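Coordinates in review
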Amino acid sequence: MPRPTRRALFATFGAVTALPCLAPAQATAQAVLEARAGAIVITQPWSRAAMRGGSGAAFLTLRNTGATPDRLLGASTPAAGRVELHSMVRDGEVMRMREQPAIDLPPGQQVVLRPGGLHVMLLGLTQPLDRGATVPLTLRFERAGEVTVQVAVQAAGAAGMPAAGGAHGHAH
Ligand SMILES: [Cu+2]
C-alpha cells in the first residue's frame, strides 16, 4: 500500500478548491463537470438511474496530464455499501464483470470508463439513484491522492452524458 505523501495531501487540497459549484439537484445534470487531483483530470462522471438496494455503475473519463504513471486504486460513496473497480471480459458468448485491483493511468493518456468497459461498480445502493440528481464519489489515486466528484444520474438506459449544447447527443 502506498503511504500518503505530503505531495498527495497537497494534491487533495488543490482538487477540493477546484471543484465546481454544485448545481441544484433538479437541474438537468448535464453540466460538464470537471475536477482535478494532481495531474489527473476527471471529466463527466455519470451514472444511470437505479433503485435503492440494487447496484449501479459510475462512468467517467480520467486524463493523466502528468509525466508519471498513476493508478486509480479505488473509490467510495455514501450512496453505496461497497464500491469496486470493474472491467468487462468476454466469457464465451457473454460479457462478465471482473473486479480490477486498480486502473492504470499512463502519462499523457486518457482512460474512459463507459458502459461495456471499465466502470466503478456501486454495490448495495443505500439510496436510489434518481435521474437528475448527483451523488458524490470519492476517487483514490496512487499518486494524485483523493478527490470527490459529483456523479450526474442519467436515465436508466442512458448511453452517456448529454452532449454540451445538445448538438451531439446521439451518434448513430
Ligand atoms: Cu460491475
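Counting of residues starts from 1 at the beginning of each chain's written sequence and follows it residue by residue. Residue-level local features of this predicted model are given only where pLDDT is at least 70; pairs of side-chain atoms are given and counted only at 80 or more, and the full residue set underlies all totals for whole chains, interfaces and linings. Just so you know, side-chain values use all the structure's heavy atoms and leave hydrogens and water out.

**What about the packing of aromatic side chains?**
Note the cut-off: Here the aromatic set is Phe, Tyr and Trp, taking the six-membered ring for Trp, and pairing holds for ring centres within 6.5 Å; pairs whose planes are under 30 degrees apart are stacked, those over 60 apart are edge-to-face, and all others are tilted. A run of H or I in DSSP counts as a helix once it spans at least four residues, and a run of E counts as a strand once it spans at least two, with each numbered from the N terminus. Any residue under 20% of the maximum accessible area for its type is buried, any over 50% is exposed, and the rest in between are partly exposed; the area is computed with a 1.4 Å probe on protein chains only.
Per the stated rule, a full pass over the model turns up one aromatic pair. Ring centres of Trp-46 and Phe-59 lie 4.7 Å apart, and the angle between their planes is 40°; on these two criteria the pair is classed as tilted. Here Phe-59 lies in strand E3 (residues 56-64) and Trp-46 lies in strand E2 (residues 40-48), a separation of 13 residues in the sequence. This pair shows no difference in class: Trp-46 is buried, exactly as Phe-59 is.

**Considerations on the nonpolar core**
Our working definition: Buried Ala, Val, Leu, Ile, Met, Phe, Trp, Tyr and Cys residues form a nonpolar core when they are joined through side-chain atoms within 4.5 Å. Any pair of residues with heavy atoms lying within 4.5 Å of one another is described as a contacting pair.
Core analysis: the biggest nonpolar cluster contains 31 residues, and Ile-42, Leu-62, Val-120, Leu-137, Leu-139 and Phe-141 have the highest contact counts within it. Beyond its immediate sequence surroundings of up to four residues, Leu-139 is in contact with Ile-42, Leu-60, Leu-62, Leu-72, Gly-74, Ala-75, Gly-145, Glu-146, Val-147 and Val-149. Trp-46, Ala-57, Ala-152 and Met-161 belong to the second-largest nonpolar core, a separate cluster that totals six residues.

**Topic: the side chain of His-119**
Keep this limit in mind: The term polar contact refers here to a pair of N or O atoms within 3.5 Å; inside protein, the definition further demands a hydrogen-donor-capable atom paired with an acceptor-capable atom, and it admits residues adjacent in sequence only when both atoms are side-chain atoms.
Along the polypeptide, His-119 turns up in strand E9 (residues 119-125). Owing to a relative accessible area of 4%, His-119 belongs among the buried residues under this scheme. Looking at His-119, its side chain comes within polar contact range of the main-chain oxygen of Gly-117, at 2.9 Å. With near-sequence residues (within four places) excluded, His-119 lies in contact with Ala-57, Ala-58, Phe-59, Glu-84, Leu-85, His-86, Ser-87, Met-88, Met-97 and Leu-113.

**Some remarks on the side chain of Thr-77**
By secondary structure assignment, the location of Thr-77 is in the loop between strand E4 (70-76) and strand E5 (80-91). Among the polar contacts made by the side chain of Thr-77, one reaches the main-chain amide nitrogen of Ala-79 at a distance of 3.1 Å. With residues up to four places along the chain from it excluded, the contact list for Thr-77 reads Val-83, Leu-122, Pro-136 and Leu-137.

**As for the coordination of the copper ion**
Quick reminder of the rule: Ligating atoms shown are N, O and S within 2.8 Å of the metal, or 3.2 Å for Na, K and Ca, and water is not included, meaning a site may look less than complete.
The coordination sphere of the copper ion, as far as protein atoms go, consists of His-86 (ND1), Met-97 (SD), His-119 (NE2) and Met-121 (SD), spread over 2.1 to 2.2 Å. Each donor residue of the copper ion belongs to the same chain, with the gaps between them written as H-x10-M-x21-H-x1-M. Overall, Met-121 belongs to the buried group, its relative accessible area being 7%.

**What to know about the environment of Ile-103**
Mapped onto the fold, Ile-103 is located in strand E7 (residues 103-105). The spatial distance from the C-alpha of Ile-103 to the C-alpha of Ser-87 is 9.2 Å, given a sequence separation of 16 residues.

**Quick word on the pattern of salt bridges**
Keep this limit in mind: Put simply, a salt bridge is a Lys or Arg side-chain nitrogen that is within 4 Å of an Asp or Glu carboxyl oxygen.
Applying the stated criterion across every chain yields a total of three salt bridges. For Glu-142, the salt bridge is made with Arg-71, and the minimal N-O distance between the two is 3.0 Å. With Glu-142 in the loop between strand E10 (134-141) and strand E11 (145-154) and Arg-71 in strand E4, this pair connects stretches of sequence that are 71 residues apart. Two residues, Arg-96 and Asp-91, come together in a salt bridge whose shortest N-O distance is 2.5 Å. Since its relative accessible area comes to 39%, Asp-91 is described here as partly exposed.

**Section: the confidence of the model for the protein chain**
As a reminder, the rule being used: For every residue, the pLDDT score states the predictor's confidence, bounded by 0 at the bottom and 100 at the top.
The predicted model of the protein chain averages 83 in pLDDT, with 76% of residues at 70 or higher. Every residue in residues 4-31 is under pLDDT 50, and counting partners more than four places away or in other chains gives 32 contacts. Note on residues 165-172: pLDDT is under 50 here. Beyond four places in sequence and across chains, it has two contacts.

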